[in-house]
Structure formats: structure tokens, C-alpha cells
Amino acid sequence: MASRRLQHILSGLTPPPQPIGVLQLGDISHDIYPAAEPSRLPHTEDVLLDTEDAFNLDNLHFMLQKYLLGQDVFLLSQPGPYARRLALTFCRQLCRMLNTEYEFVSLHRDVGETELKQGREIHPGGNLVYVDSAAVRAVKHGRVLILDGVEKAERGIMPVLNNLLENREMNLDDGMHIVHPHRYALLDPDEPGSSAFIPAHKNFRVIAIAAPVPPYPGYPLDPPFRSRFQARFVDPLGSLLALARGDVPPPSARMYEKLRDIILSTQIASESRHTLDAVARSTLPAFPQTSLAKAQALLSAFPPPDRLSPEQLARLVLSLHPALIHSPFVAWAMLSHQFEDAGLGSLGSPNLSGDEDDTGLLGYRLARIQKIDDHTARLSFDSPSGTSIELTAPAGPHAYLPFPFTNPEMLGFVPSSRFMGLLTSLLQVHALGWDVSYVPPALPSTATCSTTLLVRTFSAMLGYELEDVHMYKELGGRELIMRRKVEDGGATTWEPSPLIEGAWQGRLVHLSGMDVIGSTAGSLARLAQDREVELWGKKRIVRRLLEEEEPSPDLSVAHQSFRVISTASKSLPLKDWLSDEHANMFFTVAAQPMSQAEEAHILLQSGCPAPIVDTLLKFADKYRSSMASDAVQKNRKLGTRSLIRIARRVAQFPVDDDLHTLLSRALLADFLPATETMNLQNIFEECGIEKRTPPFNPPPEVRDGTLYFPPPTGAQWKKARPTSIPCFNPAQDPEGVSHVPHMDHFYDNSLQTGLMRDLAIDLEVLGEHLVLLGNQGVGKNKVVDRYLLGRPREYIQLHRDTTVNQLMFQTVLENGVIRYTDSPLLRAITLGRVIIIDEADKAAEHVVAIFRSLAGHGQLTLADGRRVRETKEREGDVVVHPNFRLILLANRPGYPFLGNHFLQVLGDNFCCHAVTNPDMASERRLLSQLAPQLSEDLILRLVATFHDLRKAYESGTVTYPYSLRELLNLVRHMQAYPGDSLEECLRNVFDFDVYRPETIAKLAEILDHHGLVVKNLGIGAAREAAQKKVLDVKFEPKGDTTLSEPKYGKDDPDNQPHTGGNTWAGGVPDALKNDVPDHVKERAREMARQELARRLEELSMSAGEAKGYTMLFEAVEGHIAQLHDLLENLAAREEERIWVKRQTDGELDDSRLTEGLTGEATVYKRRGMAKPELGRPQLKPKRIRFLFDVSASMYRFQYDGRLKRSMETAVMLMETFDRLTRKEKYVWDSGDSASIPLVEAGQDLEVRDRWKVVDKMEMITQYTFAGDYTLEAIDKAVAEVAKFDADDWFVVAITDANFARYGITAEDLQRVMNRNPKVHTALVCIGEGAEATWIPKNLPGRGYRVSNTADIPAVLRSILSTMIDH
């Protein structure tokens, strides 16, 4: 208390600081005082705004007004650096006199109360210390607090500052209280407790920065928070021009001016000023805020030729505006028209495919690279006009990969024209001083874009030390910059992330998989654009030091050579992550896939015969072009790496040239939806790839230290040879004996022997990592364990709650110190073991994604700072053992296995195998070995029964995929208990389906077909079994049993039944136990007849109408069950809960144990609903409209069943959606007019109403006139469904239109189906329509030909499930 009084007296005696000048801005004057802490001044003089510019001055004038009024400012600006630089200019360079210190907070979704108030640290000695956040330091010392990215902070976070903004008050965690300076002046220093108060500095101000929401993604402002600011909207036109300051040299001025006019006019066209503009707004998105500055820098350094080719113009535009890569083609066409009007020429294709030009941006070619010193290189480029341009650029200290290449054949890669053009573009951007983003193409499936090779070559040519940082979804904004650390004594501290370490050391940092972290990437915007970032405590990296300023522990500068290259995992659509913010952080280089010629050259180098390479490429081209963008996220993309894997296999095993099998395996064709399977078979036929008869594979043997596979036998396998795989040498891993899998028995069969041979070749000969997918119970684990004879393996089973950290470490807290022990994955990596990752589809996709880089490049970034690498590059690196292999096991994708689509995040880095049930011959052999006492005839019948049940599942008749496991268990029971009837044994498997009558009916049909006589199935079998006499159960105890005698109850003279108690002898009479009287059964039947009659009367349906509807219903009953279950599962998955972190209660989060040691409260995690990513819409109903052709031809040609099948399909849809909680919309079209509505959205349909719908469909076809309205119906449906506010939009049409007769072309269909890009459309052609072979070619993934009308329900179910689950 006395010290505080003394301090109060001394402060009164201390003279106030004297101003060093006066700032005059218009009619405002303000005294300028020296900075108390110059290190907190802006250090970005070279990128601050021009204070002579009228636009900047107007904004600064407003901010100074608010500053003098003591008000806080909110800058609303499109994403980009302008608003941040405006705030820093206000703090530092306004007439070079304001000298205002600042604190900076970059907001993102992981920011919590700790980052806005106080953190906790344990110092040596165990003392807990509270550390002020940037916001608290700003309040205490009178600094400007800049809050950047307010729209990214999650709801409920920013209100933490409300009282500070309104009243300049805040309660701190250390017990201190910040109060308004006026209130503090009124406090009595002698009053008890007054020492706990701290005055808010009178010069404390807040400048908040955010993008307007909407139109940009983010969270809307909390009204109480918003009301405490004075708003300033930053005109996008002004910010575009302000960032592009300076003049462009005359050779480039003409093109620059035309580009500037196009960029500015596009900005104006994209803005909405009133309702009409919002409706008619241009589909061409506005250019990013930095686009004009990039164009100015590029054209100034690289003067363009008088005329650029369309391809060069396209590459230039995509570099300035990468969102156009995934924008609707109409936007590209509009921009191309503007370029033509400006006299610049037309734009080439945005896909950049087929462009074999070896030039970079603006037509320049890389000439040579020379080393100047350890951190600088001279890059020489040849211009299209023949002149040479030399630029200096940052470089690394290592030896350069010489260029021009002295020995191209020794490089290990092919420096093709495409590759050199892309490499030149990267070097041009690097020379301009920008970080690079290499953005993949929007095409759903392409050849490789050489992403990793380009990054490594770029690094080698400039002598860089490359730092690969692999992103994963759990990575937070803070973890990108720094990570927690517990020292040996228990003290807590922070250490730099690999990104910051790279910034200090001048490395090339490769941020791999930038797309998976979503909006969190925005937390790096300041580092990328200004080379500044706030670290822990008071530490910060600044752009440059001020005059007479020296580096200090708290103040550092990023190395001049530091550069970042960002690449994407391609597991997410571009529209989900390629935002304006990303475009402003980096200079984009649009990726370009290999041409077919270049891809052929790569494949031929494997030694694969040229004819097979040609066939592979022909197939790949057709398959890639047929893929729809909706399905590509789930399906195999067939990239170049997959083709190389097939080519290597054929080169080393020439007899294994069955391309149908190899391609089907790579694409997991066994698990494709029915519609895509049809398309795949068409492609096989077009390429002349025939399916071969599978061979017989004799059982393997162990011979002379090798696993010997005898040659397969068969008519088409006469040239087959044996395969020998060396067995594992235990001396290589002496400690691994306990990890060798143990197997009691394995019954050899042809199919699984062939699978083992394929696994052995891929693992041991080709060195691949594997993914095995299949239904339940098909033997995935058994086959792997059988193959791994004597080889140690590790095992991890994934589940819903598995986290990335759990895959890397097992965390232990000992004596207050956190220690990490290696997980089975790290043990396998270091010891060279095989690791089985079981149930890979049950974990979240972002968890499985870490295996992508491990399998593809032998790299992994660990949470404790260590790195997994193929070779040791630094101390602490974990080196991948050459024998290490990954085997991922999972169920097949899609319903009913409820797994995640994890294949999309793995890319082509794994060799995939579909594990199916054995063929009938293999299954017979296996069962005969298991149960030799059972007759061969019975085994054959059982095998045939289960084979037909599986076919029924594939066709949609039953909903469960009966597997080998169920059949094995059934046979084991029959072998062990031969006295049990077949009926009793079948209950082991089919009691699950008691309340699925369609399954029981199908089972009865199949059993009868195969001569297996069963009286009762389902609930009847259960009741009959309960009536049978139970076997006597006897217990014969050992020793003397004379202590008591059995007790006999009293005889009831009336012989009444008794149950329970111990008074009476006997119980329920046997007659009553064994039989239900006939009159009871008859009574039950009569009740059923009466209920049916009552129900028909209630529905106003005749018995004939009920019979007609029942026939339609029973034909699709299995499809209804499958479609219903699928849609219900999708709805449940949308509401699936995840781990929500930073909670105050729940389960302890092992990734925040250090925070727990310091006493933070938010160290728990709980299951909760996942919050939508920024920019993603809230979950709303999906709008689906179905169009059925009911024209005259449907009735005229119904001999092929088309009308009946269409009516059955209508019943399938109505029954399915009626059972769901949300009713959707159905609209059918007719030959009379464009559409005849039959069911409105939300309308409840009773059975009678559904019968009327299908009856009306049949009636219309009889009375309608000839004609076709397919185009009009689709066009109208797309327009109508798009009007609704929904989560997704779909239109599915079924037509039998004769396109040639009515003059309907592919262009006509494409026009109406592409009318609105947000509406997903599909067209099913039957009858004459199915004869149009060009449908699937011109409408890839959306047009289907169904020749057999019996397939219509199955095809439509498949289409619907594929479209919705995208």
C-alpha cells in the first residue's frame, strides 16, 4: 500500500512528456509524442500506404477523427492486406509523425479467451505466472490494438472484449481489474483492495478489421460487439488502385492499362446496389484485392510481347484470379469477351490441358541460374522478342542443381516442355518476391501435375534446404506458428513451428495439403504478405529493423531467403478452400497435367510393352473424361501413379497382363455403384479390354526360405510361371518375435491364394503400401496374417474418436512432466515392420490423411517437432526403415457400412485391393476342409444359396451383404450339432431379419430353388422352436449328496397349469406347450381379414386396387429398404458428433495437457455437433425433383415393361420418402406439356394417394398426343428447384425419347442440364433413348443408358445415392 502511495506521489512530480511535433491533417491537429517502446512501432515502411494518395488520406482522416474522439474503428474491407496496412500506416507513417505503438491479434477459429486476456506459464521452480495477451498489453500501455479477421472468430469469443470496448474495464485471471482511467483517478489509494485495480491507458484504441459477411464467408457480427465500433467501409476500387502504386514502364504500360480497366470493370459489375442488381448480378467474380499489384509487378519485371497466345493469356489470368479455375464456364466466356473487346485477344481454355509450351508467364523461358552468394542467385530469362532479362532472387546455401541441365538423362525425371514451363513460372514468381501457391486443376480426374517433383526441383536449382510441412485438419492456427513444450524441470514454454524455424533459417517451406485446414490458413496472411507475425510472449517477427535498432530475443527478422510454396491434397473441391484470402496470400501458378504423350513416355520407361501402354492411356483418357465432379471425391481417380504401378507390374510379370483385372483392382470396380459400373463396362468395351476367366491358384508352400506360389492354371494361363517371395529373416528384427501373427488354421482356396500372391508382389517386389477393402467377414485379416508368415507386425484399430496425436504418440504425465512414448506406428517405421491399420474407414478422414505423405514420400511431421524422413537430414529425424509397410484394412465404401470416404484423402499413394467373397468353387473347397463330415451335396447347396443372396444384395433385393463369415459359422454349427435341423441352424444368421419380410421372402425363394426344404423362416421359425421340447439338463455333483432329498410338490386334483413357485407339481401341460389350437389360429386369420377390409374401406380402395399397388410395391420392396436406410444414414451423418475442443468440462484433451499443467480451464473435449466450415451453408433440406416421361410412347411400347418399371420406380420413391422425416418434391413430365405435377413438396401421401399417382401415370400415357418435352421439362425443373433455399439441389429425369426423331442433340441436353451450376442433374434414357450411344460420352457421370427396363429401379436408386452422398 505504501509503495503504491509513493508511486502515486512520484507520478505527480514527474513532468509529463513533451510533444515532438504537431500533426496537421486537414482541419485536425494533434500533438505527437515520442514512442515509449519503439520496438512496438510498425516495421513495414516499404509496404505501408502512400500518404499522398487522396483515397488513403481520406481513410486516415476518418481514423484520426475517431482517435481524437476516443472511439474504436471497424474497417470493413474485401479480403486482402489493404485494411491491415491502412491501420499500420495510421500507427506509424501518417506524415511520419504519429508514432503510435500497436499490438496485433490475428483471429481464427481456434482463438479463445486465453489469447484475448491472459495465458498461464509455469516458470522454473514451479511458479505459476500469468502472461498478458496482446489486448491486455495494449490497454495497459496505451497502444492501438489491431484485431484482424474478426469474421473468422467463432461465436461467443469476441463478446469477451465488450466491456473493455464500452467501459474500458476487464477482469483479469490474475485477480487484477482494469478500470477506466477516470474511475481510477477517483480511487482512494488507502482504501483496502485498491491495489488490485489498473487504469486503462487513455490512448488505448481498437482497430478491428473484417470482410463483410455476406458476401464473403465468415461469422456475422454479434450486435452488442458491432455497436461499440464506428464503421468504415473500404471501397474495393480504391484499395485495388492503392496497393498497385507506382508506374509501369512504357513497354508494359499498354497491357497494364487494359488489364486494369478489365479488373476494375469486373469489380463494379460484381457489386449489388439494390434488389434488381442482386438478381441480375454478374456470375464473373471480382478479382482479388492484390491482383492489380501482381499484374503491375509482373509486367514491370517481364515486359510482355505485343501479342500473347490464348494459352498464355489464360495462364496469366488464372495467376491473377485463381477462383476462375473452378468458376462456371460462363464466367470465363464473359471475361474472354472483355479481353477481345480490349484488343488483347481471346482466352484459351482454363484447364490448360494439352499445352506443351515450355515457356512460363508472358512467354518467357528460363535461360540460366547463377549463384551470387550463399543467399542470392541471378536468374536469366529469355523474352519472346529475343532479349534477355536478369533478376536477382533469394536462394539457399547448398550447391545448385546446374541449369541448363548438363546430363538430363541422369536427373531421375523428364524435363518436358510442360514441366519446364511450370518451373519457369515458379521461378518468375519467386523473383518477384511472392510466395507461391500451386493450385490443382478443377477437372475431376487428370494425369499427374508433378506437384512434388516441381517443388523438389525448384528447391534443388536454388540450393534451398527444403522443409516439408504436412497439413492435417486438426492443426490449429496457433500450432502453425508455435507449439507448447514442457522442459525437464516441469517449466512450460513455447518453441517455433517448422514454418517459423524455416523463416529464421531462410528455408523453402513447402506447406503440403493447405486445402485441408480451411479458413485456418488465413492466420498466415500477415506472414505471407508482410513477413511479420506475433509469437509467444512479447516476441514477434518484423519485416525489418528500424534505424539504430538491433535484434533482440523479442524482436527478430525473417531471413531474406525465406519462401513458402503451398500445394493442395486434391481431396477437397477447389470451391471449398480456394478463396479470395488464399489468392491474396500467394501468387498463384495454375497446375497443368501431363499430356498423353508425356504420360506415355513415363510409362514406357518402366519397361511395359508399348501396346499395353497405349491401351492403358486410351482407357485412362476415357475414364477420366467420364468422371463427374460430384463423384470424384469418392471414387478412384486413376492418376499417373496408378498407371505406373500397373505398368511396373506388367513389366516385371509379363504374364500378368490382364488389364481388365488390373484396372478393375485399381478402380475398386467391385464396389462401384451400379450406374458407374455400367459406364466402366462401356469403356472396357470401347478400349477392347476383355474380361478373362479367373485361373485356379494352387496353395502356396514354403520352400528353401521362400514362399512359393505354384503357377496358376487355366485355359488362358498356360504361360503362367511360379512366383517365389523370400521369407522374412527373424535376425533382422530379433525383438519382433512377440509381434509375429499367430494363426490356428487357414483353409486354402483359389481366390484367397491369388490375393495373397498379389499382396506379396505389391509389398515385396514393387515396394507398395496397401489398402484392402471388402465386405465384413470376407477374410481381410486372415489373408494378411496368412501371408505374413514369420514377419512381425504392429496393429492399430481406428475408431470414431481416434486423433492424429494418438497415431503418433502415447502421452504419459510423470511427476508433472509430459512424456511421449512412440506409438505402434512409429515403432513400425523405425524397426521396419508391417503395420496393420484396421477399420480405417471408421476414423475421421483427416486422421487417415496423415498416411498419405507417409506412403507417398516417407514423410510425416510429428507433434513434438520431430520429422519422419526417408533419409536422415537433421538431428532428431526419424528415418523410415526400408522394410516398413502400411496395410490399411477397411470395409467397402458406402451404405450399409457407415464408414467415411477415406480413399479421397489418400490419393494414389496406396495400391488398392478389393477383397470379395470367394467364388463358388473356392468356397466349396474351403467348407469341405472345415466340415468334412457334411455331404458335398449339402455344401454345394449352401454355397449356391449364399451366392444367390449376395447377388440379391447387389441387385438391391435384400439389404444385408451376406458374407463368408456367416456361412462359415453356419457350417461350424451344423458340423458340431448334426442333430439340429437346417431350420434351427439358419436362425443363427437370419434371426436378425425377422422384421424384414422382403429378406425372409427372398431367402425362402432361394432355399426352395436350391432344394433346401425349410418349413418356417423368420418369426414362424422362432415360434416353432419355442414350442419344441427342451433337452434335459442334468447335473451330477461329485461327493456325498445324501444331505437332502428332492422335493415333490403337491398334486393338483384339478390338474390346472402352474408356472412359478414351488408348491404344485408339474407346470404348463405339454399339449399347451407344443401346440396352438386350430381355433386360435383361425381366429387370428379372421382378425387379419377383417383388418384388411377395414383398412381398404378407410383408404377408399377396392381389393383390385390394393392388389395392383401391392404388386408394384413388392417388385421394389428391397430397393425401398436400401434407399430408405441410405438416406436415413446420410441424414444421421450430417448430424454426427465430433470432438469439440477447448471445453471447460468433459474428457481430458491429451493435446492440451501442457495448458492443464498451467491451470487453464479449457483443456477438455466433448462430443458435439460439428460447426460448419466458414463459407459452408447451414444444413437445410435437400431439394430433389424427379421427372418421369409419361408420353404416348411409354404406353405404345410397353411390351418391354418400360411403363410398368417406371410406375414401380415411382412407388419406390414415394414409399421411401414417405418413410423419411423430410418430404421432398416429385414432378413428372408428359408428352402433352412440359410438366404435370402429381405430388407437391411436403404433401402427405396415404396409400390411396400413391395409387392414384401411378394410376394417373398410366392413364396419361393412353390419352396423350405424340411429342416430346424432355428438354422443356428439365429446363423448367432446374429453374424451379433452384428457387428454393436448400442445402443442395437435384433434378433426375427418366425419358424414352427418340432423340434423333425429335432433333435433340447433345448440345441441347448439355444446355438445359448445365443451366444452373448449383443444380445437380441426371438423365436416365430407356427404350429408344437407350439407343443413343453418345449419351454417356457427352454427359459423363450424368447420362445413363438402361437397355433392360428391369434395371430402372436399381439404376435410379444408385444415381440418387451417388448424387446425394457426394
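This text follows the structure it describes.
As a convention, each chain's residues are numbered from 1 in the sequence order in which they are written. Given that this is a predicted model, residues contribute local features only at a pLDDT of at least 70 and side-chain atom pairs are listed and counted only at 80 or more, while totals for whole chains, interfaces and linings are drawn from all residues. Side-chain metrics rest on all non-hydrogen atoms present in the structure, leaving aside hydrogens and water.

Participant: Which parts of the structure should I look at to understand helix α21 (residues 610–626)?
Facilitator: Because each turn of an α-helix spans 3.6 residues, side chains separated by three or four positions in sequence point in the same direction. Only DSSP runs of H or I with at least four residues qualify as helices, and only runs of E with at least two residues qualify as strands; both kinds are numbered from the N terminus onward. Here, expected helix span is obtained from the residue count minus one, scaled by 1.5 Å. Taking 1.5 Å of rise per residue, the 17 residues of α21 would be expected to cover 24 Å, and the 24 Å separating its terminal C-alpha atoms lies within 8% of that figure. Three exposure classes are used, based on accessible area relative to the maximum for each residue type with a 1.4 Å probe and protein chains only: buried under 20%, partly exposed in between, and exposed over 50%. Regarding α21, the residues found buried are Ile612, Val613, Leu616, Leu617, Phe619, Ala620, Tyr623, Arg624 and Ser626. Buried residues in α21 make contact with α20 (596–604), α22 (640–652), α23 (659–667) and α24 (674–686). By definition in these notes, contact holds between two residues if any of their heavy atoms fall within 4.5 Å.

Participant: What is the right way to read the packing of α23 against α24 from this model?
Facilitator: The geometry of a pair of packed helices is captured by two quantities: the angle between their axes and the separation between those axes. Lines are fitted to the C-alpha atoms to define the axes, a helix being fitted only along its stretch in contact, and any angle between axes, read from their N-to-C directions, falls within 0 to 180 degrees. Axis separation between α23 and α24 bottoms out at 12 Å; the angle between their running directions is 150°. In terms of axis orientation, α23 runs roughly antiparallel to α24. In this structure, α23 crosses over α24, and the sense of that crossing is right-handed. Where α23 abuts α24, its residues His660, Leu663, Ser664 and Leu667 lie against Leu680, Gln681 and Phe684. Note on residue categories: nonpolar means Ala, Val, Leu, Ile, Met, Phe, Trp, Tyr, Cys or Pro, charged means Asp, Glu, Lys or Arg, and polar means any other residue, Gly included. Residue composition of the contact of α23 with α24, grouped by class: 4 nonpolar, 3 polar and no charged. What sets the label is the angle itself: under 35 degrees gives roughly parallel, over 145 gives roughly antiparallel, 65 to 115 gives roughly perpendicular, and the rest give oblique. For a crossing to be left-handed, the near helix must be turned anticlockwise from the far one by less than a right angle; the clockwise case is right-handed.

Participant: How should the packing of aromatic side chains be read in this particular structure?
Facilitator: Aromatic ring pairs are reported here in terms of the distance separating the ring centres and the angle at which the planes meet. Aromatic rings from Phe, Tyr and Trp, taking only the six-membered ring of Trp, are treated as a pair when their centres fall within 6.5 Å; an angle between ring planes under 30 degrees marks them as stacked, one over 60 as edge-to-face, and anything in between as tilted. According to the stated counting rule, one finds 16 aromatic pairs in the structure shown. Ring centres 5.1 Å apart and planes at 75° place the aromatic pair Phe302 and Tyr364 in the edge-to-face group. Taken together, the positions of Phe302 in the loop between α12 (291–301) and α13 (310–320) and Tyr364 in the loop between α14 (329–341) and β13 (365–373) put the pair 62 residues apart, joining distant regions of the chain. Classification of Tyr364 by relative accessible area gives buried; the value is 1%. Ring centres 6.4 Å apart and planes at 90° place the aromatic pair Phe946 and Tyr962 in the edge-to-face group. Residue Phe946 is located in helix α33 (residues 936–955), and its partner Tyr962 is located in the loop between α33 and α34 (964–976); the two are separated by 16 residues in the primary sequence. Here a set of aromatic residues connected by ring pairs shows up, and it is made of Phe403, Phe405, Phe413 and Phe419. Look at NZ for Lys and CZ for Arg. If either is within 6 Å of the ring centre and within 35 degrees of the ring normal, a charge sits over the ring. Directly above the aromatic system of Phe653 lies the positively charged group of Arg649, at a separation of 5.9 Å from the ring centroid.

Participant: Hey, could you run me through the sheet that holds strand β20 (residues 508–512) in this one?
Facilitator: Working definition: the strands of a sheet are paired by backbone hydrogen bonds and lie parallel or antiparallel to each other. A sheet is described by the order of its strands in space; here 5 strands give the open sequence β17-β20-β24-β16-β25, paired in parallel fashion. Of all the strands in the sheet, just β17 (466–470) and β25 (587–590) have a single pairing partner and so form its edges. Averaged over all pairs of adjacent strands, the angle between strand axes in this sheet comes to 20°, irrespective of strand direction. Relative to β25, strand β16 (residues 436–439) runs parallel, the two being bridged by 4 bridges. Opposite Ser437, over in β25, you have Thr588 as the bridge partner. Where helix α17 (residues 498–505) meets the sheet, its contacts fall on β17, β20 and β24 (563–567), and the angle it forms with β20 comes to roughly 160°. When DSSP locates at least two bridges between a pair of strands, those strands are taken to pair.

Participant: Before we go on, may I ask you to explain the packing of helix α32 (residues 920–930) against α33 in this structure?
Facilitator: Taken N-terminus to C-terminus, the directions of α32 and α33 make an angle of 135°; their axes are 10 Å apart at the nearest point. Relative to α33, α32 is oriented oblique. Read as a crossing pair, α32 and α33 show a hand that is right-handed. Contacts from Met920, Glu923, Arg924, Leu927 and Ser928 in α32 reach Glu936, Ile939, Leu940, Val943, Ala944, His947 and Arg950 in α33. Across the contact of α32 with α33, the residue classes tally to 6 nonpolar, 2 polar and 4 charged.

Participant: Help me out: how do you make sense of the pairing of strand β38 (residues 911–915) in this one?
Facilitator: If a strand is regular, its side chains alternate between the two faces of the sheet. Counting buried residues in β38 gives 5 out of 5 residues, a clear majority hidden from the surface. Note that strand β29 (residues 770–774) and β38 share 5 bridges and pair parallel. In the strand pairing of β38, Leu773 is matched with Ala914.

Participant: Hey, could you run me through helix α5 (residues 134–141) in this one?
Facilitator: Taking burial as the measure, the 8 residues of α5 include 6 buried ones, the bulk of the element. Within the sequence span of α5, burial applies to Ala134, Ala135, Val136, Arg137, Ala138 and Val139.

Participant: In this structure, what is going on with the nonpolar core? I would like to understand it.
Facilitator: As a rule of thumb, soluble globular proteins bury nonpolar side chains together. Residues belong to one nonpolar core when they are buried, are Ala, Val, Leu, Ile, Met, Phe, Trp, Tyr or Cys, and are joined through side-chain atoms within 4.5 Å. If you look at the biggest cluster of nonpolar residues, it comprises 105 residues, and the most contacted ones within it are Leu335, Phe339, Ile369, Leu427 and Leu462. By residue number, the principal contributor to this core is helix α15 (residues 417–431), which donates 8 residues. Not counting residues within four places of it along the chain, the set of residues in contact with Leu462 comprises Ile369, Ala377, Leu379, Pro394, Ala395, Gly396, Tyr400, Leu427 and His430. Of all hydrophobic cores here, the second largest spans 71 residues; its members include Leu499, Leu524, Ala558 and Val771.

Participant: So what exactly am I meant to see when it comes to the pattern of salt bridges here?
Facilitator: Only one rule defines a salt bridge in this text: a Lys or Arg side-chain nitrogen within 4 Å of an Asp or Glu carboxyl oxygen. Applying the stated rule across the entire model yields 71 salt bridges. One salt bridge connects Arg540 with Glu534, and the closest N-O pair in it is separated by 3.3 Å. On the basis of relative accessibility, which here comes to 0%, the residue Arg540 falls in the buried class. Measuring nitrogen to oxygen at the nearest pair gives 2.6 Å for the salt bridge that ties Glu764 to Arg791. You can see Glu764 sitting in helix α25 (residues 750–765) and its partner Arg791 sitting in the loop between α26 (780–787) and β30 (793–797), a full 27 residues away along the chain. We classify Glu764 as partly exposed; its relative accessible area is 31%. Judged by its relative accessible area of 8%, Arg791 is buried. Through salt bridges with shared partners, one network takes in Arg40, Glu101, Glu103, Arg137, Arg143, Arg526, Glu532, Glu534 and Arg540.

Participant: For this particular structure, what's the right way to read the environment of Ser133?
Facilitator: Its location among the elements puts Ser133 in the loop between β6 (127–132) and α5. Distance from Ser133 to Leu116, taken between C-alpha atoms, is 5.8 Å for residues 17 residues apart in sequence. For Ser133, the residues in contact, after removing those within four places along its chain, are Thr114, Glu115, Leu116, Lys117 and Gln118.

Participant: Just checking my understanding: could you explain the pairing of β24 for this structure?
Facilitator: In terms of residue burial, β24 counts as a mostly covered element, since 5 of its 5 residues are buried. Every second residue of β24 is oriented toward a common face, with Arg563, Ile565 and Thr567 on one face and Val564 and Ser566 on the other, all of them buried. Summarising the sheet, β20 and β24 pair through 5 bridges and their orientation is parallel. When the bridges of β24 are listed, Leu511 appears paired with Ser566.

Participant: What's the story with the side chain of Arg84 in this structure? I'm lost.
Facilitator: Relative to the assigned elements, Arg84 resides in helix α3 (residues 82–92). On the basis of relative accessibility, which here comes to 2%, the residue Arg84 falls in the buried class. Leaving out residues up to four positions away in the same chain, Arg84 has contacts with Phe104, Asp148, Ile209, Ala525, Arg526, Gln529 and Asp530.

Participant: Looking at this model, I keep getting lost on the sheet that holds strand β9 (residues 177–179). Mind explaining?
Facilitator: The strand order β8-β9-β10 describes an open sheet built from 3 strands, whose pairing is mixed. The open sheet has two free edges, formed respectively by β8 (170–171) and β10 (197–199), since each of these has just one partner strand. The pairing of β9 with β10 spans 3 bridges and is classified as parallel. Residue Ile178 lies in a different strand from β10, and its bridge partner there is Ile198.

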